[in-house]
Amino acid sequence: MTSFALWEQSLTGTVRTGAQIPDEYRIDRSGFNPVGAPEVLVQAKTVDDVQNAVIYAADTDLSVVIRGAGTGLAGGVSAGSGSLVLDVSGLNRITDISPADELAVVEPGVITAALDAEAGRYGLRYAPDPASASISTIGGNIATNAGGLRCVKYGVTGDSVLGLSVVLADGRLIHTGRRTAKGVAGLDLTSLFTGSEGTLGVIVSATVRLQPTPIDTVTIAAYFDDVEQAAAATTAVLAARVRPSIMELLDEASLRQSRDFLGLPSDAAGPFVVAQTDGFGAHTEARIVQEVFGQFSSRVSVGDDPQVSDELLAIRRAALPALERHGRALIEDIAVPRTRIADAIRAVAEIATRHRTAIYTFGHAGDGNLHPIIVVDRDDPDAYDRAVAAADEIFGTALALGGTITGEHGVGVLKRRWLERELGPDGVELQRTIRRALDPTGLFNPGKTV
């Protein structure tokens, strides 16, 4: 076995050990606190660094926890005792943009918004748009199959991933997928690694689909008397066979927190929905959305001013950081059939009352993906236990309504015990079998997902 000193010298990136490792590398944005601290941190700069780190960890009986920006919300990159943290945020190059083929090849540390901006130079854009786009990385988005604001029309991250380069548990580098618009050669390994939450291999490059920048974008905003009315309006828009690119909902409490966080006047009352239509039919679709919203509210506005549109979307993006000011936020991530959004929101409100817990609800109403955020008061010793009980009921409600325990954030640590209830014991065991086939010693991210 290579000595630590020789191994460290072979790397381009930086290696830290023990107390040299900043505490931030133990946790992600979920707030989950693992036992102990990582033994080694490798801040990789090249694919060779990644391969060498994986081989070294296997030789020294360390587990490998792969990390990008650390913006995950399910504890998926938490790293405790016996772990080597492999930070791939330094692999941050856009290595190719092909305007003719409408694709880009990027390393995993590329910031999502940076790729979108670079694509914009060619009249293109990267459609996946998580609320954390300004800080989250492409690699992390792929690892969790992240969603985002534009999911209604353009789908989740996986819908834009054409191919991957992945380092396996034995250090081999494989390439999956293609650069062509379609292809069905062999099993779809690209989809297997997408959403695997760092349990099957290390993504070191991705070929992603780009979309033409819409010729027009129109924003429609509306305030409603209650959240059920707002949910009903979003469902009615989809029933009218319109597909906005964005349709986001904030309950009144979330809206007030977000506006306060941004320093905006807090005089707007009622739950809030912001939608966007885009493309050649943007104005026609916007008129339909306006008419549908008008059946539920008299407070509807429509415009195509980019600055106003950005301000409205900023309110949605600020919702989570606004709540994180007030205590630990348990960030739930359920999805239900779009026709059951109102039922889900009503149930969450009842759960909040029953457990004497503050729950703020916002999310991607256009695809039924809601984020009930439970804020735990630091000064209340019983608040956390009540919050956990409320979260359990929220997950149960999602499943009872025909939904899922996670629409985009992943399972990580926080939702493992709910996974079997959704998938069933045979489904979970099949996934474990696949995981063992690719990582027989359990090198990658032990204790996460399945």
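Residues numbered from 1 in each chain as written. Predicted model: local features only at pLDDT ≥ 70, side-chain atom pairs only at ≥ 80, totals over all residues. Heavy atoms only, no water.

## Examining the overall build of the chain
Right, so step 1: Looking only at helices and strands, the chain has 15 helices and 19 strands in total.
Right, so step 2: On C-alpha atoms alone, the chain measures out to a radius of gyration of 22 Å, which is about the 22 Å that the 2.2 N^0.38 rule sets for 450 residues.
Right, so step 3: Projected onto its principal axes, the C-alpha positions of the chain cover 70 × 60 × 45 Å.
Right, so step 4: Residue burial in the chain is summarised as follows: out of 450 residues, 53% are buried.
Right, so step 5: About 18700 Å² of surface is accessible on the chain, with carbon and sulfur atoms providing 51% of the total.
Right, so step 6: The positive charge centre, built from 40 side chains, and the negative charge centre, built from 56, are 2 Å apart in the chain. (Helix = DSSP H or I, 4+ residues; strand = E, 2+ residues; numbered from the N terminus. Rg over C-alpha atoms; globule rule 2.2 N^0.38 Å. Buried < 20%, exposed > 50% of the residue type's maximum accessible area, 1.4 Å probe, protein only. Areas by Shrake-Rupley, 256 points an atom, 1.4 Å probe, with all protein chains shown as cover. Lys, Arg positive; Asp, Glu negative; His and termini not counted. Charge placed at Lys NZ, Arg CZ, Asp CG, Glu CD.)

## Here's the deal with the pattern of salt bridges
Right, so step 1: A complete count under the given rule lists 23 salt bridges for this structure.
Right, so step 2: Among the ionic pairs, Glu 228 bridges to Arg 346, the shortest N-O distance being 2.6 Å. Placement of the pair is Glu 228 in helix α7 (residues 227-239) and Arg 346 in helix α12 (residues 341-354), with a sequence separation of 118 residues.
Right, so step 3: Between Arg 346 and Asp 343 there is a salt bridge whose closest N-O contact spans 3.1 Å. Of the two residues, Arg 346 and Asp 343 both sit in helix α12, three residues apart, roughly one turn of that helix.
Right, so step 4: Given a relative accessible area of 23%, Asp 343 falls into the partly exposed group.
Right, so step 5: It is possible to trace a salt-bridge network through shared partners that takes in Asp 116, Asp 129, Arg 150 and Arg 317. (Salt bridge = Lys/Arg side-chain N within 4 Å of Asp/Glu carboxyl O.)

## Points about the nonpolar core
One recurring pattern in soluble globular proteins is that nonpolar side chains are buried together.
Right, so step 1: Membership of the largest hydrophobic core comes to 51 residues, with the highest contact counts inside it found for Leu 249, Phe 293, Ile 359 and Ile 374.
Right, so step 2: It is helix α13 (residues 383-400) that contributes the most residues to this core, eight residues altogether.
Right, so step 3: Not counting the four nearest positions on each side in its chain, Ile 359 is found in contact with Asp 251, Val 348, Ile 351, Ala 352, Pro 372, Ile 373, Ile 374, Ala 390 and Ile 394. (Core = buried A, V, L, I, M, F, W, Y, C linked by side-chain atoms within 4.5 Å. Contact = heavy atoms within 4.5 Å.)

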